[in-house]
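Report on the structure
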Amino acid sequence: MRVVVKNKFCDSSLWDYVEPRKTDIVINTCYKAGTTLTQQIVNLLIYGNSDFKNFKYLHDLSPWIELWPDPDYTSLEHKMAHINNLPEPRFLKTHVPFEAMPYHPEWKYIYLVRDGRDVALSLYNFRVGYDPEFWEVTEMEPFLEFWDKWLENGFLWPFWEHTTGWWNARHLPNVLFIHYGDLIKDKLKEVEKIANFLGIEFDDAKKEIVMEQSSLEYMKEYWEKFQPVGFLPQKFFGKGKNGCWQELLPAEKVTEYEKLVVEKLGLECANWVANGGIIPLPEPSLNAASQA
């Protein structure tokens, strides 16, 4: 049984209306961990360009499934009809926890992770771009006030539980973990990893296209292709950097976070969330080994 997550932005039960296909690709983050960048990378791996042809922009080709109400669609029926008529392979965006996702062995799931301190600061800055015609816009509190609230409750859902749920699924052969820090530090290596996972040939010509058209500079220049409805013009993309929290969080807040992240995620997961690199897989159980 899947859990249902519902709030003023999202309803995970919308996944029940998605007609599954064996070729489906799911791109998932808790939030603010490279979702749009990875959608563009997958688009370029599949289609080889940023010409979306019959689609207005990237999020029309790769919609956020559980977002409702969704300013892109006139009704729920309109949205689900659009999703179920997308060409194959579909690459679908989501932010729901693993426990709320439909699981199909044939699907490919890409899960992106980012240091929680970078996630919180990116989310804080992200709200500056909200268009008041679509979203409730409130006065921005100081970052440290926002930080304390986020640390306890997250945004759509707590960061800790979301990360833990997917972390526990990391051993599944159709789940790929990508760390945002690795993605921006050595994009070519991480894109090759994604291409291999999806079974897509990644030749030199495609490498050149992917590296150019998934760059922050390219996506900012052609922002209308990538910015979802509901944001002020050219206000969707941030700096694409990590570590800016060091200028804002005092030492005691950093110490509090580093203690809490281990308590919430466990030492192994906490270290990977902070540093990326090769993801440690769980040791096989004795029962599994004996059955093998």
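Worth saying up front: this structure is predicted, and the values here are computed from it rather than measured.

**Some remarks on the overall build of the protein**
- Helix and strand counts for the protein come out as 13 helices and four strands.
- For 292 residues, the compact-globule formula gives about 19 Å, and the C-alpha radius of gyration of the protein, at 19 Å, lands near that figure.
- For the protein, the spread of C-alpha atoms along the three principal axes comes to 60 × 50 × 40 Å.
- Across the 292 residues of the protein, 53% fall into the buried class.
- Taking as baseline every contact in the protein between residues at least 6 positions apart, the subset at least 24 positions apart corresponds to 74%.
- As displayed, the protein has an accessible area near 14700 Å², and 53% of this comes from carbon and sulfur atoms.

**Some thoughts on the nonpolar core**
- Counting residues in each nonpolar core, the largest one holds 86 residues, and the members touching the most others are W15, L45, W150 and I194.
- In terms of residues, this core owes the most to one element, helix 4 (residues 116-126), which gives six residues.
- Excluding anything up to four places from it in sequence, W150 contacts Y31, G116, V119, A120, L123, F155 and F159.

**Regarding the packing of aromatic side chains**
- With the rule as written, the count across this model stands at 26 aromatic pairs.
- With centroids separated by 5.3 Å and ring planes inclined at 75°, the aromatic side chains of Y124 and F143 adopt a geometry described as edge-to-face. Placement of Y124 in helix 4 and of F143 in helix 5 (residues 143-153) is noted, with a sequence separation of 19 residues between them. For the pair shown, Y124 and F143 are each scored as buried.
- Seen from their ring centres, Y218 and Y222 are 4.7 Å apart, and the 45° between their planes marks the pair as tilted.
- Look at Y218 and you get buried, because its relative accessible area is 13%.
- For Y222, a relative accessible area of 35% puts it in the partly exposed group.
- Among the aromatic residues, those joined into a cluster by ring pairs are W15, F98, Y103, W107, Y109, Y111, W166, W167, F177 and W272.
- Positioned above the aromatic ring of Y57 is the side chain of K56, whose terminal nitrogen or guanidinium carbon lies 5.5 Å from the ring centre.

**Comments concerning the sheet that holds strand 1 (residues 25-29)**
- Pairing within the open sheet is parallel, and its four strands lie in the order 2-1-3-4. A single partner strand is all that each edge strand has here, and the edge strands are strand 2 (91-94) and strand 4 (175-179). For this sheet, the mean angle separating the axes of adjacent strands, direction not counted, is 20°.
- Sheet topology places strand 1 next to strand 3 (residues 108-113); five bridges connect them, and they run parallel. Paired with I25 across the strands is K108, a residue of strand 3.

Criteria and thresholds
- Residues numbered from 1 in each chain as written.
- Predicted model: local features only at pLDDT ≥ 70, side-chain atom pairs only at ≥ 80, totals over all residues.
- Heavy atoms only, no water.
- Helix = DSSP H or I, 4+ residues; strand = E, 2+ residues; numbered from the N terminus.
- Rg over C-alpha atoms; globule rule 2.2 N^0.38 Å.
- Buried < 20%, exposed > 50% of the residue type's maximum accessible area, 1.4 Å probe, protein only.
- Contact = heavy atoms within 4.5 Å.
- Areas by Shrake-Rupley, 256 points an atom, 1.4 Å probe, with all protein chains shown as cover.
- Core = buried A, V, L, I, M, F, W, Y, C linked by side-chain atoms within 4.5 Å.
- Phe/Tyr/Trp six-rings, centres within 6.5 Å; stacked < 30°, edge-to-face > 60°.
- Lys NZ or Arg CZ within 6 Å of the ring centre and 35° of its normal.
- Pairing = 2+ DSSP bridges.
- Axes fitted to C-alpha atoms, helices over the stretch in contact; angles between N-to-C directions.

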